[in-house]
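# Geometric and topological summary
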Amino acid sequence: MGSIPDPGELTELTQPSFDEFQRQTSLMTSCTLLWKELSDHMNSLEQNLMRQSEALKRKIETLDSETKASLESLKKRELSIEDSVKIAMNRVEFHTRAAVKTLNDDVEDNPDGEVDDGDGLLQLLKSTCLKMEAKELWNFVTGKKKEIDLLREKIPIALSECVDPARFVMEAISEVFPIDKRGNERGNDLGWACVLILESLIPVVVDPVIGKSRMLVTPSVKEKANEIAETWKKSLEERGGIENVKTPDVHTFLQHLVTFGIVKKEDLELYRKLVVGSAWRKQMPKLAVSLGLGYKMPDMIEELISKGQQLDAVHFTYEVGLVDKFPPVPLLKAFLRDAKKAASSILEDPNNVGRAAQLAARKEQSALRAVIKCIEEYKLDAEFSPENLKKRLEQLEKTKTEKRKPAAVPANKRTRASNGGPMPPAKAGRLMNAYVSSFPAPPAFVRSPSHTQYPAAVPAYPSPPAMYGSRSPPTNPYAYPPEAAPPPLAGSYPGAPMNYPAYGGYGNGLAPAYQQAYYR
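These numbers come from a predicted model, not from an experiment. (Residues numbered from 1 in each chain as written. Predicted model: local features only at pLDDT ≥ 70, side-chain atom pairs only at ≥ 80, totals over all residues. Heavy atoms only, no water.)

## Regarding the packing of helix H5 (residues 165-172) against helix H6 (residues 191-205)
Angle between the axes and distance between the axes: these two values describe a pair of packed helices. For clarity, the cut-off: Only the stretch in contact is used when fitting a helix axis, every axis being a line fitted to C-alpha atoms; angles between N-to-C directions are given from 0 to 180 degrees. The numbering of helices and of strands both runs from the N terminus, where a helix is a DSSP run of H or I of at least 4 residues and a strand a run of E of at least 2. Roughly parallel refers to an angle under 35 degrees, roughly antiparallel to one over 145, roughly perpendicular to one between 65 and 115, and oblique to any angle outside these ranges. By definition in these notes, contact holds between two residues if any of their heavy atoms fall within 4.5 Å. Residues are grouped as follows: Ala, Val, Leu, Ile, Met, Phe, Trp, Tyr, Cys and Pro are nonpolar; Asp, Glu, Lys and Arg are charged; every other residue, Gly included, is polar.
At a minimum axis separation of 10 Å, H5 and H6 run at an interaxial angle of 180 degrees. One element, H5, and the other, H6, form an angle in the roughly antiparallel class. Every residue of H6 that contacts H5 at Pro-165, Ala-166 and Val-169 is listed here: Ile-197, Leu-198, Leu-201 and Val-204. Here the contact of H5 with H6 is composed, by residue class, of seven nonpolar, no polar and no charged.

Rendered as structure tokens:
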């Protein structure tokens, strides 16, 4: 029989085996954790790849859809060319026959260009357009500025009678655009007429099949339109740069680009500067979109706000649907605050002591009218009630009216000369155009010749004589009979209310004077 092992020997044999088991168990646990981490990471990668794959799939589907839509549009445009050209050719042939008939007929046109109603005006415009008499159209339109709404309605109808309306319009406005050729007669702003005629051309040259996406302008006319645009851009340097070009010229240039479809991507920065510089013009937001500046609108709006043109910014935000990003009410309130500060600075200006109150009131009135109109236009009454603004406007107008009224002096009030002498003769006031006062004779006020927009000062009254006889003083100390109103004093202003533009003119005390009749 074998011998029984000693317990000590058993301990020595089992101890290393237990340590090894622990090491193996720990290793297996680590491997399990590592495998779990790797498994989780792989699952995460797989999910990310799936998401990216889905996004890529959606993009490919979108591109396929857009490509398909573009191809269909191109196919439609290609198929519509024949129909569009046929319609255009028939139209040209019809108007050519009508023009020849008009020239052959012995029709006596009104030599003075006077018309009694809209139908008469339309017939005269049609006759001019049929004969392609560009200069006659220009002279007629520029002479009918008071009937601009009627012209806007009738000119597109008349232009549709032209054989080549696009070329006809370029010839009509060539007297002042791209270069003003009037010479010594220059100075009258005729930009309104250019914009009106260019706008009226758009519905005439729109493709009758696919609409505004294609203009029926011949390549030769489009080339000529490009030359005109380049000529105008070169003239900017002669005018002193973008900052010195007049807003009517800018408006005409931008409308020319849109009307003839000659917008260039490389000139977008120029367009942006021109639009921002003339942002107070009512049609600028729509023109900016038509020029392809829609994606730059947020930056343009922020630039307008930084320049204190919050009201213009509101119009731009509504045009491109950025009202949520640029809420209009805070902008309007900021605009009013700035206008009030500007009015206060005018009052503190030592160079405008005589007219400071008038200019300050005018500045605030202009701002109030513009904001009230904006609130009504965009229906912001619930967020910004215009009632307080209207009350403030009425208060300013009332104050303005009261300041115009001369101080009332009782007619039967007798005053003695300052030296205590006898009373003046009863008829002295009427005979000598003088009156006696206890104060020294007022000095004559002479208005600066630069302020020609106000009436000239009334000549000063002659100084009263030092001593008078013993007769009674005049019953009316003024030189005018009771039934006649006294003339305006030297510092008075016109009684009729000023006509302000809807908005604009933020850099000075006066709002820019421009005709709004031809702005929609």
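## Thoughts on the packing of H6 against helix H8 (residues 247-260)
This is how it is decided: Left-handed describes a crossing whose near helix is turned anticlockwise from the far helix through less than a right angle; right-handed describes the clockwise counterpart.
Direction vectors running N to C along H6 and H8 enclose 15 degrees, while the axes themselves pass 9 Å from each other. Between H6 and H8, the crossing angle belongs to the class labelled roughly parallel. Crossing geometry of H6 relative to H8 is assigned as left-handed. In this structure, H6 contributes Gly-191, Cys-194, Val-195, Leu-198, Glu-199, Leu-201 and Ile-202 to the contact, and H8 contributes Pro-248, His-251, Thr-252, Gln-255, His-256, Thr-259 and Phe-260. For the contact of H6 with H8, a count of residues per class yields seven nonpolar, six polar and one charged.

## Some thoughts on a nonpolar patch on the surface
This is how it is decided: Each patch is built from salt-bridge-free residues with over 30% relative accessible area, joining like charges within 9 Å and nonpolar side chains (Val, Leu, Ile, Met, Phe, Trp, Tyr) within 5 Å. In short, Shrake-Rupley with a 1.4 Å probe defines the accessible areas, and a residue's cover is counted only from the protein chains shown. Only one rule defines a salt bridge in this text: a Lys or Arg side-chain nitrogen within 4 Å of an Asp or Glu carboxyl oxygen. Only protein chains enter the area calculation, which uses a 1.4 Å probe; residues under 20% of their type maximum are buried, those over 50% are exposed, and those in between are partly exposed.
There is a patch of nonpolar side chains on the surface, built from Leu-34, Trp-35 and Leu-38 and spanning about 370 Å² of accessible area. When you line up the elements, Trp-35 lands in helix H1 (residues 7-104). According to the relative accessible area criterion, Trp-35 is exposed, its value standing at 63%.

## Quick notes on helix H7 (residues 219-238)
Test applied: Here a helix's expected span is defined as the number of its residues, less one, multiplied by 1.5 Å. Throughout, the arc means the angular range of directions from the helix axis out to the C-beta atoms.
For H7, with 20 residues, the first-to-last C-alpha span of 30 Å sits near the 28 Å given by 1.5 Å per residue. Within H7 the residues assigned to the buried category are Val-221, Ala-225, Ile-228, Ala-229, Trp-232, Lys-233, Ser-235 and Leu-236. Viewed end-on, H7 has its buried residues packed into an arc of 160 degrees, placing them on one side of the element. Exposed residues lying more than 90 degrees from the buried face of H7 are Pro-219, Glu-223, Lys-234, Glu-237 and Glu-238. Taken together, the buried residues of H7 touch H5, H8 and helix H9 (268-277). Positive backbone phi, at 95 degrees, marks Gly-240, one or two positions downstream of H7.

## Quick word on the state of the cysteines
Note on terminology: a disulfide is the covalent bond linking the sulfur atoms of two cysteines. Quick reminder of the rule: Throughout, a disulfide means two cysteine sulfur atoms within 2.5 Å of one another.
If you walk through the whole model with that rule in mind, you get zero disulfides. Free of any disulfide, Cys-129 has its nearest neighbouring cysteine sulfur in Cys-162, separated by 4.1 Å. Here Cys-129 falls in the buried class, since its relative accessible area comes to 1%.

## Topic: unusual backbone geometry
With an omega dihedral of 10 degrees, the bond running from Phe-177 to Pro-178 counts as a cis peptide bond. Mapping Pro-178 onto the fold places it in the loop between H5 and H6. Unlike most non-glycine residues, Met-132 shows phi in positive territory, near 55 degrees. Looking at the secondary structure, you find Met-132 in the loop between helix H2 (118-130) and helix H3 (134-142). A relative accessible area of 26% means that Met-132 is categorised as partly exposed. Despite not being glycine, Lys-379 has its phi angle at roughly 55 degrees, a positive value. Structurally, Lys-379 is set in the loop between helix H14 (356-377) and helix H15 (387-404).

## Topic: the pattern of salt bridges
The final tally for this structure, using the stated rule, is 20 salt bridges. Across the salt bridge formed by Glu-175 and Lys-135, the nearest N and O atoms sit 3.8 Å from each other. Residue Glu-175 is found in the loop between H5 and H6, and its partner Lys-135 is found in helix H3; the two are separated by 40 residues along the sequence. Here Glu-175 falls in the partly exposed class, since its relative accessible area comes to 23%.

## Here's the deal with H2
Taking 1.5 Å per residue as the helical rise, H2 with its 13 residues ought to reach 18 Å, and the 18 Å between its terminal C-alpha atoms agrees with that figure. Taken residue by residue, H2 has Gly-118, Leu-121, Leu-122, Leu-124, Leu-125, Ser-127, Thr-128, Cys-129 and Leu-130 as its buried positions. Backbone geometry just after H2 places Met-132 at a positive phi near 55 degrees.

## Digging into the confidence of the model for the chain
Just so we agree on the cut-off: Looking at any residue, its pLDDT shows the predictor's confidence there, from 0 to 100.
Residues with a pLDDT of 70 or more make up 64% of the chain, whose mean pLDDT is 75. Overall, residues 106-113 carries pLDDT values under 50, and its contacts beyond four positions in sequence, including any with other chains, amount to five contacts.

## Digging into the packing of aromatic side chains
Under the convention used in this document: Centres within 6.5 Å make a pair out of two Phe, Tyr or Trp rings, where for Trp the six-membered ring is used; the pair is then stacked when the planes are under 30 degrees apart, edge-to-face when over 60, and tilted otherwise. Any Lys NZ or Arg CZ that is within 6 Å of a ring centre and within 35 degrees of that ring's normal is treated as a charge sitting over the ring.
Following the criterion strictly, the structure yields two aromatic pairs and no others. Both rings, one in Trp-232 and one in Phe-253, keep their centres 4.1 Å apart while their planes meet at 10 degrees; by these two values the pair is stacked. Taken together, the positions of Trp-232 in helix H7 and Phe-253 in helix H8 put the pair 21 residues apart, joining distant regions of the chain. Classification of Phe-253 by relative accessible area gives buried; the value is 0%. Ring geometry for Tyr-318 and Tyr-378: centres 3.9 Å apart, planes at 5 degrees, overall stacked. Highlighted residues: Tyr-318 in helix H12 (residues 310-320) and Tyr-378 in the loop between H14 and H15, separated in sequence by 60 residues. Assessed through its relative accessible area of 27%, Tyr-318 is described here as partly exposed. In this structure, Lys-333 packs its charged tip against the face of Phe-384, placed 5.3 Å from the ring centre.

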